[in-house]
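The residues making up each chain are set out below.
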2 protein chains.
Amino acid sequence: MTRRVHALAFVLPLALATAPAARAEGGMWLPRQMPLLADELRAAGLQVDPAKLSDLLSHPMNAIVSLGGCSASFVSPDGLAVTNHHCVVSHLQYNSTPERNLLTDGFLAATQGEEILASPGARVFVTTAVRDVTGEVLAGLDGVGDRQRHDLVERREKELIAACEEPGGVRCKVVSYFAGLEYELQTQMEIRDVRLVYAPAAGVGNFGGEVDNWMWPRHTGDFGFLRAYVGPDGKGADPSPGNVPYRPRHYLRLAEEDLDPGDLVLVVGYPGRTFRHQTAAETRADQELRMPAGIRHRESLLAILEQAGAGDRAVAIKNASRIRGLANYLKKYRGTLEGFQRGGLLAAREVEERRVRAALAGDAAASASFEAALAELDRHLQRDLATRERDELLEWLLVSSPLLSEATRLHRLALERGEPDAEREPGFQERDLPLFEGRLRRAQAVLEPASDRAGLRHFLLLAAALPAGQRIAPLDAQLRATGAATPEAQVDALLDRLYAGTRLGDLETRLVMFREPLDALLARHDPMIQLAAALWPLHEAVEAREKETWGAHSRLRPEYMRGLLRLHGGKLAPDANGTLRISIGQVEGYVPRDGMRYTPQTTIAGVVEKHTGEQPFVAPARLLAAARGGEHGPYADPNLGTLPVDFLSTAVVTNGSSGSATLDAHGRLCGLAFDGNYEAMGTDYVVMPELTRTIHVDFRYMLWVMDRVDGAGRLLVEMGVEPAFAEEVAAGAP
Amino acid sequence: MTRRVHALAFVLPLALATAPAARAEGGMWLPRQMPLLADELRAAGLQVDPAKLSDLLSHPMNAIVSLGGCSASFVSPDGLAVTNHHCVVSHLQYNSTPERNLLTDGFLAATQGEEILASPGARVFVTTAVRDVTGEVLAGLDGVGDRQRHDLVERREKELIAACEEPGGVRCKVVSYFAGLEYELQTQMEIRDVRLVYAPAAGVGNFGGEVDNWMWPRHTGDFGFLRAYVGPDGKGADPSPGNVPYRPRHYLRLAEEDLDPGDLVLVVGYPGRTFRHQTAAETRADQELRMPAGIRHRESLLAILEQAGAGDRAVAIKNASRIRGLANYLKKYRGTLEGFQRGGLLAAREVEERRVRAALAGDAAASASFEAALAELDRHLQRDLATRERDELLEWLLVSSPLLSEATRLHRLALERGEPDAEREPGFQERDLPLFEGRLRRAQAVLEPASDRAGLRHFLLLAAALPAGQRIAPLDAQLRATGAATPEAQVDALLDRLYAGTRLGDLETRLVMFREPLDALLARHDPMIQLAAALWPLHEAVEAREKETWGAHSRLRPEYMRGLLRLHGGKLAPDANGTLRISIGQVEGYVPRDGMRYTPQTTIAGVVEKHTGEQPFVAPARLLAAARGGEHGPYADPNLGTLPVDFLSTAVVTNGSSGSATLDAHGRLCGLAFDGNYEAMGTDYVVMPELTRTIHVDFRYMLWVMDRVDGAGRLLVEMGVEPAFAEEVAAGAP
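In what follows, the accompanying structure is described.

1. Observations regarding the state of the cysteines
As used here, a disulfide is simply a covalent bond connecting the sulfur atoms of two cysteines. A complete count under the given rule lists four disulfides over all chains for this structure. Here Cys70 of chain A pairs with Cys87 of chain A through a disulfide, and the sulfurs are 2.0 Å apart. On the sign convention where negative means left-handed, the S-S torsion of about -80° between Cys70 of chain A and Cys87 of chain A marks this disulfide as left-handed. With Cys70 of chain A in the loop between β2 (64-66) and β3 (71-74) and Cys87 of chain A in helix α3 (residues 85-94), the pair connects residues that are 17 residues apart, well separated along the chain. For the pair Cys70 of chain A and Cys87 of chain A, a shared accessibility class is recorded, and that class is buried. For Cys164 of chain B, the disulfide goes to Cys172 of chain B, at an S-S distance of 1.8 Å. On the sign convention where negative is left-handed, the bridge of Cys164 of chain B and Cys172 of chain B, at about -65° about the S-S bond, is left-handed. For chain A, the bonded cysteines pair up as 1-2, 3-4 when numbered in the order they occur along the sequence. Cys670 of chain A takes part in no disulfide bond, and the closest cysteine sulfur, belonging to Cys87 of chain A, lies 18 Å away. Classification of Cys670 of chain A as buried rests on a relative accessible area of 1%.

2. Things to note about the sheet that holds strand β13 (residues 264-269) of chain A
Strands pair in a sheet through their backbones, by hydrogen bonds, and they do so in one of two ways: parallel or antiparallel. All names here are of chain A. Taking strand neighbours across the sheet as the criterion, the eight strands line up as β1-β14-β13-β18-β19-β20-β17-β16 in an open arrangement whose pairing is antiparallel. Strands with a single pairing partner mark the edges of an open sheet, and in this sheet they are β1 (28-29) and β16 (601-603). Two strands pair when backbone bridges link them, and β16 and strand β17 (residues 644-649) are joined in this way by two bridges, in the antiparallel orientation. Paired with Thr603 across the bridge in β17 is Pro644. Of the strands in this sheet, β16, β17, β19 (669-676) and β20 (694-698) touch helix α24 (residues 699-709), which is tilted by about 40° from β20.

3. Focus: the relation of the copies chain B and chain A
Mapping chain B onto chain A calls for a rotation angle of 180° and an axial translation of 0.1 Å; the resulting RMSD is 0.1 Å. Both copies of the chain, as the preceding transformation shows, are related through a two-fold rotation axis. Across chain B, the smallest distance between a C-alpha and the rotation axis is recorded for Arg597 of chain B, namely 2.6 Å. Here 100% of the contact residues of chain B are again contact residues in chain A; the copies associate through an equivalent surface.

4. Side note on the pairing of strand β9 (residues 182-191) of chain A
Residue and element names in this part refer to chain A. Of all the ten residues making up β9, nine are buried; the element is thus mostly covered by neighbouring parts of the structure. Inspection of the sheet shows strand β7 (residues 124-132) paired to β9 by eight bridges, in the antiparallel sense. Among the inter-strand pairings, Val124 is bridged to a residue of β9, identified as Ile191. Taken together, strand β8 (residues 170-177) and the strand that follows it, β9, pair antiparallel across an intervening segment of four residues, in which Phe178 is found at a positive phi of about 55°.

5. Let's talk about the sheet that holds strand β14 (residues 581-586) of chain B
Residues and elements named next belong to chain B. Taken together, the eight strands give an open sheet; going across it, the order is β1-β14-β13-β18-β19-β20-β17-β16, and neighbouring strands pair in antiparallel fashion. For this open sheet the edge positions go to β1 (28-29) and β16 (601-603), each flanked by a neighbour on one side alone. Inspection of the sheet shows strand β13 (residues 264-269) paired to strand β18 (residues 661-663) by three bridges, in the antiparallel sense. Bridge pairing in β18 links Leu266 to Leu663.

6. With respect to the environment of His219 of chain B
Along the polypeptide, His219 of chain B turns up in the loop between α8 (209-212) and β11 (224-230). Its relative accessible area of 2% is what places His219 of chain B among the buried residues. Considered as a pair, His219 of chain B and Asp646 of chain B are 427 residues apart in the sequence and their alpha carbons are 6.0 Å apart. The residues touching His219 of chain B, leaving out its near neighbours within four places in the chain, are Asp594 of chain A together with Phe207, Thr602, Thr603, Gly606, Val607, Lys610, Val645 and Asp646 of chain B.

Definitions and cut-offs
Residues numbered from 1 in each chain as written. Chains lettered and ligands numbered in written order. Predicted model: local features only at pLDDT ≥ 70, side-chain atom pairs only at ≥ 80, totals over all residues. Heavy atoms only, no water. Disulfide = S-S within 2.5 Å. Helix = DSSP H or I, 4+ residues; strand = E, 2+ residues; numbered from the N terminus. Buried < 20%, exposed > 50% of the residue type's maximum accessible area, 1.4 Å probe, protein only. Pairing = 2+ DSSP bridges. Contact = heavy atoms within 4.5 Å. Axes fitted to C-alpha atoms, helices over the stretch in contact; angles between N-to-C directions. Least-squares fit on C-alpha atoms with pLDDT ≥ 70 in both.

Here it is as structure tokens:
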């Protein structure tokens, strides 16, 4: 809803990475930086011209697409895109019925005609152009106040976007690299007709479930296939039977060679956010305050949602994706905190900051800018921390209650509609409304009033216990108005009123609200909308402070960056920001603790070993039979002597990287990145070369499952692979 | 109390071991078999004449002693013996006071004069002679009935023992190898004055506790030191201030070279029992019936004892050693069962049996003997299984209630006293009474009536629910006699009477009972003695059947053995039976599951890593400081670049092996065996060369802890090691 501080790219060097190779491994590089790394890449075995990797309109980078939150890549001339199973899971859920559980059983469209629409709002974004707009964004900003600086930058970005976008799915955005040193205008083709083509059963795609999530050794076949459709004119179009498969300019070929330990791999995709270039003080606040609170709040909400579904399968299904999301991030935050504490990452950050100071010691002007920037960044940090608990709870009220979250978004939309389009907050402009509506429809799948109420109750009680300086005044007023005696009784009375009166749970009502002006919306006297409206001034005040902070950061962090770039001779990857990146690594295991080593490849024997018949370790019978029979066909690895399943590399990923294509030295698809490892969860902050790994599914396991287990020969042929098991599968194993 | 079926050595070949090296690794060999393996040993790097290892009266075998349940070895000319920490833990417990917890803090006698008596009944047994007595034991037994065969063998063994033993600690026993093919008379010197010299803190000796028990990677410093004392005449004597240190004929020297992966090691000690040579049908009964029941009963009793101590620290302390024992065996049985199921050990057993049959196919007579023996063994098995549940509960009544167990033993002793000494059951003869009394005194430490009652209650209720054909009639009578209506009420009424009336919890009373004839004992009308007396006829009947079974086994198993020995050309290690053995292996890791490898050495970094400050991971502050400071002195391993802690080898151990000396290729002490690994718990039944490992503490860790952490320089000097840290430790680190 607002630009959060974390949404910025803060640039500091990779504290623990010293050798050039390690430095190349640690970064999520911009494609245009590849020539900088040409020597390292050639030494690591790259068989493609590094300059080729810089060209976004050419092979292979042009084949790499974003799904908005996940990455994917085209693997056929007819718009077939491969991504992770967990990136198509919402589509499987959306298309499931009580009779036909695609989530459990998987889905395979026997013909192109049987490919089914993904869930509303599904998108494929193909990057088609990028242009440096630093000069246009920053012109004449010297001496401008921070809030005004924010507003001016935002307005210029909007103008650039408005001038860039075109009907037929041409979408544009302005992104910033190196914490505001550079701005870039990116043009993407937005494909709105996305269909589900194939996903293996949950016993493959989510084998190991939450137990194995973030863990090695891993045996998950985390892949799934979508197809992009466009209008007959080749332009982006709403879903329609008359649409045709999109024909990408370029698509990936499958690897032709086996993948072995030590082999070079490139992970290409759209990683979301990293915070490697925060100041040490900011990192300390994250470690000591924000992460522990985030863990605590997630634990509470998770327990509430699990409790709610314990006796009621329908409720459990409603809450499944929220639980999955909470659990996933809970594990991530716990692991990150553990990594921070065990790995001494904060200390590493502090050492790094001292190194920067030492490097700048000879240049009085640069040194002074650096120190002034650091001091001012710290003042902003302290101001944010002063109301941290209140501000966090304001957010958690929305997270805990999807109904209140919908109410808040709808109220805000109605507010914004009162402004000229160009003045509206990003996310609430006319251009955003189709996505807004898709999200509004999708929300229906998770609305469950009893769980909603239980979650909201927990955070309302926490809010009622906030210290004096951090009260949520409008909430206090609503609680007092109930007339009840104790905070508990007040909260329960408020909740009674909210859930008895709100009609936000009804999709048709929300769709009408979505189009209503503010006065009409308020005239409904929906108590959930009323609560959202009451809280709005506080949200607005927080947002105003954050915009001012943003303005200050956009002014201060580049000062910091200049020193850093000088220190590293310009050879530094900017923090991830949702744009297309290349991470470089090699297939390699690691030592998780004294006395043991994780080897870098798992095999089908491990699937059989882990299969217990109890969730989450239930492999499909047909897979087990083929595995036990040693039916590996051409997909076996000659060195392993068996079928590979997953592998580790020293490349780095973060949220958003899911589904990233993993390319071999020839630029061919040899796997899909789908997870990071538990020991290196702090990697969003600091890369630890000896521990940071990416977990990939091996392309040979994917092909074997498609061929031998699921009979997806049609897709293999489309990708240029000759099926080896057509007869066996037709004969119909269990 | 009786010869249990498992107490025999049943001989079948090592099913999964095929290569000669693997075969040598899997066995617990008799010292006299070493020349058979001379080629393998030399190829593996042995620098000592293999024939030397056969001489029990020479170095190094003469230095290897038994503690009765643990192994140890002399490491100085003054009777200093090293064993595992967990083998001296009862002595630490016995000598602890509320003011001075030796268990937690460890113990170091600053001078020889300050060495303290171990707990009553502590013994050191030095093997001084062995003589083959097969002819004397088996003469004229052909055609004799099974029960009579048992009694005759038992009488001859007693006669041999009586003729062999002498005052001054000369103790003898007859043991059987290869399931009754061979009998041997062993002479041991029994040392009765055993003193506690040194044990590190629990944070070293039991670091990792139950969590790490059976587990790799391991970081336990499982070592402790005792000293053997004898009378001034050099003969075994009761503990007395006038005694002097025993001067062993031979003692071990410490290794002079570093130990590396691949190095040969010999584990020498007194392994208790293995069952590798049971029939497949017997193994099936163990897997499907006995082990699951043993696990269930242990789980129940463990939960009861833990519950009893949950709110009461004094009770928790009383129950600690019982809990530890139950938990240890529970983990072992669970792991064994898991190993059986995962490793397909039963199938391996069945394959092995078929191989034996195939090998005998050409010899009609041998084949017929083999088949007849198998069939008759199976009939005995089926007879035992018919009352298995009842017989198991009879045992568990005693295990669950140490008071009832004491009552049963005292009642039996009084019964046996009515017989001439030579006719008494082994364990109840005059020669056994000092040990009997020691055990009776030691029992005091674990007698806790409330826990006793809670445990007994559980098993009485199970007994009350036994099926019709397996009722415990005398118990039924006692329960009916309470007049209560339901089984629960009956059990509770019986328990009320038992615990209100018994005086068995009083040590002085038990000591008087210990000397009482039967009529005097019964005239006490102690209800616990009465229950024991009531149950006695059933115990006696079970024992009679077991003796008959024993007689049959002693007749049948050798038939089986002959074929096996022919198949293996006589190169076969007999099952362990508590006698001195040599297990051969090399330092080597393993692959516990797909995608990971356990490396064979752990280091001090792992101790620091595991230390959480919460039990069982609390390393002493002084150790942590020295570890963090990298103060490894001469004990660091040049290849590892740091201090080694524990290591894995392919040697095999079982209960009783604890404390076994680990010798390097020069026959010098390079470690102590202290555990097996979880994945290979089925190793008592079948050795799996790729998984079966022994866990050892590295001698360099032991020396470093002694030198740098505990300041045990006196003992280092006694062992011929120059302390490196005398000054630092004197200066007194934390």
